[in-house]
Structures are given as structure tokens and as C-alpha cells.
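Descriptive structure summary
The primary structure of each chain is shown beneath.
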Amino acid sequence: MTKLIQLYNTLTRKKEPFVPLQENKVSMYVCGPTVYNYIHIGNARSVVAFDTIRRYLEFRGYEVRYITNFTDVDDKIIKAAHEQNKTPKEVADFYIAAFFEDVDALGVKRSTAYPRVMDTIDEIIAFIQELIEKGHAYESFGDVYFRTDSFKDYGKLSHLDLDQLRQGASQRVDEEEWEKKESPVDFALWKKAKPNEIYWESPWGKGRPGWHIECSVMANLYLGDTIDIHAGGQDLTFPHHENEIAQSEAKTGHTFANYWLHNGFVTMDNEKMSKSLGNFKLMRDLRQTMDPQAIRLFLASAHYRHPLSFSASAIHEAKVQLDRIKTALRNAHHLLDQSATLQEGIDEAKVQEWEIYRTRFIDAMDDDFQVQNAVAIIYEMINALNRYLEQPRPTKETIEMMISQIQTLVGILGLTDLYEAPELLDEEIEQLIAERQAARDAKDFARADEIRNQLAAEGIRLEDTANGVRYHREGGVNNE
RNA sequence: GGCGCGGUAGCCAAGUGGUAAGGCCGAGGUCUGCAAAACCUCUAUCGUCGGUUCAAAUCCGAUCCGUGCCUCCA
């Protein structure tokens with residue numbers, strides 16, 4: 001694999017060949033959630049999109065250091081804490097635990113580390129101090145602001161014009177801020193604590209970090225001055241990521257991140273799903289009635305930068321597709337279990353054919369992570385597998401090769417454990433299945449169907465095949 | 001106003017110069033005692049108008065519609 005991965009870089013607005021700083025190693029920072037609520041499917045999309053990219057980079061042989069933060073100091077958390085009569089840390093801890101439950105269900109791989117603001121205060125203060133020393137920040141009435149005019153590249157990521165931003169901001173900023181800020185576009189690095197707010201001691205008095213500074217500090221702390229990939233939702237491009245660049249590059253004098261990746265939104269009725277609009281679906285609620293793996297497959301149904309329209313029927317469609325993959329794997333395994341009747345040896349022509357599928361999958365992913373095209377190839381593989389299983393003389397090793405290929409590629413999409421060996425059945429049920437076979441042999445189809453229906457009522461589905469009875473348990477959520 | 005994204009079959013969604021991937025749904029068929037699963041076949045000329053070209057969904061111009069960021073938001 002000598003070809004380079006191409007990825008779309010928000011910074012240059014172009015697809016670029018991906019060349020990490022160190023050969024075979026990738027440093028990646030993805031902005032994590034502010035933990036004052038459960039995550040919704042829009043948040044999940046971001047997590048899943050970059051998890052898939054991370055998994056793909058690992059598949060391509062890179063060692064990925066993958067950092068996601070938790071914002072656990074923030075206005076909304078403070079507000080939630082007051083309302084719930086808890087400390088901010090308690091609120092954060094609660095929603096962090098909930099976050100893991102949600103993303104674990106989606107098959108998201110754990111990050112290398114999950115830094116939290118509360119644990120990074122000292123480093124944040126030191127970082128801000130350095131910015132002040134270098135003239136890029138100033139203290140004002142207990143707050144500290146970033147001096148935007150001191151950073152000549154401001155706006156390079158979002159491609160916004162500083163003068164226009166200044167105009168826009170000047171109309172919005174209130175009188176109090178006017179007094180405190182040198183320029184309306186300056187943003188807070190440190191906020192003076194209001195009464196009854198959580199605070200830390202600092203050279204500027206009691207206060208807490210602003211929103212943007214944490215990511216600059218954590219990325220620097222865990223990944224160094226320059227990182228390979230920085231990612232997040234499109235809505236973070238401005239101001240969050242723009243400000244991160246300003247802070248980090250002003251401090252270090254080095255490029256903060258070489259590649260900026262931004263995922264598109266999940267929409268509801270053609271509108272962006274967002275907490276502020278209130279039109280969101282919590283993962284926690286969706287998981288009650290929808291298979292999380294189907295949700296994950298749904299999230300792979302469009303390119304990560306494009307909008308993705310959420311609907312129950314779309315998830316249902318994904319569930320049907322997921323079942324198609326699972327059924328094919330199950331049927332293949334069923335045939336393998338009849339290995340006495342299978343031929344030995346491997347079909348070299350099939351091996352070659354399947355290398356082509358693999359290559360096409362890689363080509364799709366190499367081109368800015370076109371998962372929806374990669375998934376299309378998986379469906380072609382499923383079709384090819386199903387056809388092969390129907391051949392008169394399939395060989396054991398060939399089937400195993402196909403299963404292995406499918407599982408590897410589907411695993412990159414975070415869909416693992418799609419095949420579970422059929423659980424052992426109760427003796428009673430075994431008896432019934434045997435009885436049904438006898439009934440069928442005796443052409444007593446009424447009795448045979450009766451038993452099949454009875455077992456179906458217990459969630460065990462029987463399928464008659466040329467290679468004996470196949471059964472599986474239908475369980476879990478149905479997505480109906 | 002500035003900076004973007006998108007308009008492809010009933011639905012979702014690829015395709016960025018050579019006569020439209022894949023999936024869902026639907027119809028028909030094969031296999032099966034039936035069912036299930038699977039397989040096979042069928043279903044589009046690409047928002048509109050104009051231009052460039054031997055050739056355009058794909059390039060250029062115009063236009064209509066939807067939508068995102070510019071303030072917290074994945």
C-alpha cells in the first residue's frame with residue numbers, strides 16, 4: 001500500500017495527501033462533549049465518524065494517539081449543578097458515565113486518554129501566562145482575554161475576515177464587555193468567578209478557564225506543539241477551532257494542526273439537530289427501541305462531511321441492512337459447521353476476486369473516508385458470499401476467507417461481533433426440532449408447522465436448508 | 001451582507017468529461033411441502049435555462065429551491 005490517503009482539509013478547502021509528521025504514527029485530537037446532558041445522535045455522529053477514521057488509519061498501519069477531552073467546566077454545567085443541587089464535578093461525572101454507555105453501545109473504541117478541564121487547570125494557567133508574557137493576551141478586571149489583533153492569521157481556518165468579524169461582534173457585544181475588551185473580537189481565556197461559582201486560584205484572582213483554551217492546552221500536553229489531525233463538528237470551525245489555532249500558534253510559534261477535519265450535521269426535517277433548537281434525539285432514548293449497531297450503520301450511510309437526515313425509517317432501513325450482513329455470516333457459519341460435506345482446499349480464483357473487493361474498499365476509504373462507498377462494497381461481498389454458499393462445491397477455506405475479509409472490513413466501521421455462535425438449546429427444544437424433522441419426513445406438515453410456530457413464539461426461528469435445519473434466536477430490539 | 005454545503009429513481013445515497021455504484025421499498029421469477037433465507041430479473045438521463053465539447057450528472061455562466069456557519073452547539 002504505497003498510495004497515500006487523501007483527506008479534505010478545512011484549512012485549505014482541498015483534498016490533500018495525508019502525510020503524518022512521523023512515519024507510521026498519527027496524533028489526533030477530537031473535541032469531546034460538554035458534559036451537562038446526554039449526547040444526542042448528532043453528537044454521536046461526530047464521535048462515530050472520527051472513530052471510523054481512527055480505526056481506518058490503524059487498519060492502514062498507523063499507530064494512532066487519539067485524544068478526546070471532556071469539557072467539565074462550563075456555564076451550562078454550573079447551571080445544571082445549581083438546578084440539581086450538585087457540584088459541577090458530580091454533574092460532569094454523571095454525564096461522562098452516561099457518555100461511555102452510549103458510545104460503547106455504538107462500538108466506539110476508547111481514546112488514548114480523556115483529559116478533563118478540572119484536572120488540567122495548572123497547565124491552562126501556565127499556558128495563559130505565557131500568552132500574556134508574549135503579548136498575545138491581557139488581564140482585565142480579573143478576566144484574561146486573547147488579543148486577537150496580535151495574531152495575524154486569525155480567520156485562516158474558517159476563512160472569515162477579521163474586519164467583518166469585528167463589525168459583527170461590535171454590534172453584539174454589550175457595554176460591560178466593551179469596557180473589558182480591547183477589541184470586540186477578543187475572547188476569554190480566563191473568566192473571573194461570579195459569586196457561588198466554581199473557581200480556582202490564579203495569578204488573576206479566582207476564576208475558571210474559558211472554553212477554547214482547554215483544547216489548546218490538552219492537545220499540546222498530550223500530543224505536542226504540532227498535531228497531525230484535529231477534528232470536530234462543523235459548528236466548531238468558528239469560533240472554537242479558529243481560537244484554538246490563535247492561542248496555540250501564538251504560544252508555540254508552530255503550526256497547531258496540519259489537517260482539520262469537520263463532520264456534517266445530522267438533520268431533522270431538513271434542519272440541523274441541535275441542543276439549542278431542541279430538535280434532538282438522545283442516544284439514550286434511541287437505544288431503547290433501536291439496535292445501536294443499526295444506528296452505527298445508519299451513520300455510515302452518507303459521507304461524513306455531508307448532512308445526514310435522521311428518521312426512524314432510515315434507522316429501520318439500516319437495521320434491515322445490518323441483518324442482511326449478519327444473516328449471511330450466520331448462514332456461512334452454518335455451512336461451515338457441516339464441514340463433513342464441504343470440500344477441502346481454497347479456491348484461488350476467489351482469493352484473487354476478494355482481494356479486489358478489499359482493494360476497492362481501501363480505495364473508497366483512502367478517498368477522504370468515503371464510508372458509504374465502502375459499505376456498498378461490503379454489500380457486494382455479502383452478495384458474492386451468498387452466491388458462493390449456493391454453489392454445489394464450496395470449500396471450507398474459501399468460506400473462511402470470505403468471512404474473515406468481511407469481518408475485517410466491517411470492523412473498520414465499528415461493527416464487530418456480527419456473528420455469534422448459536423447458543424446451545426435446551427434439551428426440550430432439541431427434542432422438538434428432532435420431532436419436527438421426523439414429522440416432515442413423514443410428511444406430517446401440520447405437526448411440523450405447529451412446532452415451528454411454537455418455537456417461533458419462543459423467539460427461535462427455524463430455517464430448513466439443504467444442509468439441515470438452521471436456527472437462530474431473534475432477540476433484542478426490533479426497530480419496528 | 002460575508003463564507004460554505006446540497007438539489008441524481010418512490011425513498012436513502014455514490015458517481016466530477018465518455019452514455020448513471022450500492023441499499024431500502026415495490027413487481028415478477030427460481031429454490032422450498034410451506035415458510036424463512038438466498039439467488040435472478042425489472043424500475044432514473046441527473047432542479048431549471050443557456051454555453052463549451054465529438055461527448056456533460058460531471059466544465060463555464062445564469063437562475064430557482066433547501067440548508068449551515070458568521071453568538072453556546074458535534
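Residues numbered from 1 in each chain as written. Chains lettered and ligands numbered in written order. Predicted model: local features only at pLDDT ≥ 70, side-chain atom pairs only at ≥ 80, totals over all residues. Heavy atoms only, no water.

Description of the pattern of salt bridges
Taken as a whole and assessed by the stated rule, the structure comprises 42 salt bridges. Residue E130 is joined to K134 by a salt bridge in which the shortest nitrogen-to-oxygen separation is 2.9 Å. For D464, the salt bridge is made with R452, and the minimal N-O distance between the two is 4.0 Å. Taken as a pair, D464 in strand β14 (residues 460-465) and R452 in helix α16 (residues 445-457) lie far apart in primary sequence, twelve residues in all. Overall, D464 belongs to the partly exposed group, its relative accessible area being 32%. R452 sits in the partly exposed class, given a relative accessible area of 32%. Taken together, the shared-partner salt bridges connect R436, R440, D449, R452 and D464 into one network. (Salt bridge = Lys/Arg side-chain N within 4 Å of Asp/Glu carboxyl O. Helix = DSSP H or I, 4+ residues; strand = E, 2+ residues; numbered from the N terminus. Buried < 20%, exposed > 50% of the residue type's maximum accessible area, 1.4 Å probe, protein only.)

As for the packing of aromatic side chains
Tallied over the entire structure, the rule returns 20 aromatic pairs. Between F70 and F100, the ring centres sit 5.7 Å apart and the planes meet at 85°, which makes this aromatic pair edge-to-face. Placement of the pair is F70 in the loop between β4 (63-68) and α2 (75-84) and F100 in helix α3 (residues 88-105), with a sequence separation of 30 residues. Residue F100 is classed as buried on the basis of its relative accessible area, which comes to 15%. A connected cluster of aromatic rings, assembled from ring pairs, spans F50, Y56, F59, Y304 and F369. Here the guanidinium or amino end of K86 rests over the ring plane of F94, the centre of that ring lying 5.0 Å away. Sitting over the face of the ring of Y8, R305 holds its NZ or CZ atom 4.0 Å from the ring centroid. (Phe/Tyr/Trp six-rings, centres within 6.5 Å; stacked < 30°, edge-to-face > 60°. Lys NZ or Arg CZ within 6 Å of the ring centre and 35° of its normal.)

With respect to the sheet that holds strand β6 (residues 143-146)
The strand order across the open sheet formed by four strands is β5-β6-β7-β8, and the pairing between neighbours is antiparallel. With one partner strand each, in any of the chains shown, β5 (137-140) and β8 (207-209) form the two edges of the open sheet. Neighbouring strand axes in the sheet, compared pairwise and without regard to direction, differ in orientation by 20° on average. (Pairing = 2+ DSSP bridges. Axes fitted to C-alpha atoms, helices over the stretch in contact; angles between N-to-C directions.)

Description of the sheet that holds strand β11 (residues 266-268)
Strand-to-strand pairing in sheets goes through backbone hydrogen bonds, with the strands running parallel or antiparallel. As summarised here, the arrangement of the three strands in space is β12-β11-β13, forming an open sheet in which the pairing is mixed. Where the open sheet ends on each side, the last strands, each with one partner, are β12 (271-272) and β13 (308-309). Sheet analysis places β11 next to β13, joined by two bridges and oriented parallel. Bridging across to β13, T267 finds its partner in S309.

Brief notes about the domain arrangement of chain A
The domain boundaries assigned to chain A delineate domain 1 (6-299), domain 2 (313-412) and domain 3 (427-473). For domain 2 versus domain 3, the distance between C-alpha centres works out to 28 Å. On the domain 3 side, the residues contacting the six residues of domain 2 number seven residues. Surface buried jointly by domain 2 and domain 3 totals about 520 Å² across both partners, of which 49% is contributed by carbon and sulfur atoms. Contact with domain 3 buries area across many residues of domain 2, yet R330, N331 and H334 alone supply 75% of it, more than any other trio. Where domain 2 meets domain 3, there are zero salt bridges. Where domain 2 meets domain 3, there are three residue pairs in polar contact (both at pLDDT 80 or more). For the side of domain 2 that touches domain 3, the residue count by class is one nonpolar, four polar and one charged. (Domains from an automatic or database assignment. Contact = heavy atoms within 4.5 Å. Buried area = accessible area lost by both parts, 1.4 Å probe. Polar contact = N/O pair within 3.5 Å; in protein donor to acceptor, adjacent residues only side chain to side chain. Nonpolar A, V, L, I, M, F, W, Y, C, P; charged D, E, K, R; others polar.)

Description of the pairing of β14
Sheet analysis places β14 next to strand β15 (residues 468-473), joined by six bridges and oriented antiparallel. Residue pairing across strands places D464 opposite V469, the latter belonging to β15. The antiparallel pairing of β14 with β15 creates a hairpin that spans two residues between the two strands.

Quick look at the nonpolar core
As a rule of thumb, soluble globular proteins bury nonpolar side chains together. Counting 99 residues, the largest nonpolar core has M28, I41, L57 and L261 as its most contacted members. Considering each element in turn, this core owes the most residues, twelve residues, to helix α13 (residues 371-389). Mapping this core onto the domain boundaries places at least three of its residues in each of domain 1 (6-299) and domain 2 (313-412). Beyond its immediate stretch of four places on either side in the chain, L57 contacts I5, F18, V26, M28, Y62, V64 and I229. Core analysis: the second largest hydrophobic core is formed by 43 residues, L11, V144, L162 and V185 among them. (Core = buried A, V, L, I, M, F, W, Y, C linked by side-chain atoms within 4.5 Å.)

Let's talk about the environment of A113
Within the secondary structure, A113 sits in the loop between α3 and α4 (121-133). Residues A113 and N69, spaced 44 residues apart in sequence, show a C-alpha to C-alpha distance of 7.9 Å. For A113, the residues in contact, after removing those within four places along its chain, are Y66, I67, T68 and Y222.

Regarding the side chain of T395
Residue placement: T395 occurs in the loop between α13 and α14 (396-412). T395 gets classed as buried once you look at its relative accessible area, which sits at 10%. Setting aside residues no more than four positions away along its own chain, T395 makes contact with Q343, E344, G345, I346, D347 and Y388.

Looking at unusual backbone geometry
The omega torsion across F238 and P239 is 0°, close enough to zero to call that bond cis. Along the chain, P239 falls in helix α8 (residues 237-252). Its identity is not glycine, yet R13 carries a phi of approximately 55°, on the positive side. Positionally, R13 belongs in the loop between β1 (6-9) and β2 (14-17). With relative accessibility at 47%, the residue R13 sits in the partly exposed group. Despite not being glycine, N196 has its phi angle at roughly 65°, a positive value. Following the sequence through the fold, N196 ends up in the loop between β7 (187-192) and β8. Residue classification places N196 among the exposed positions, given a relative accessible area of 70%.

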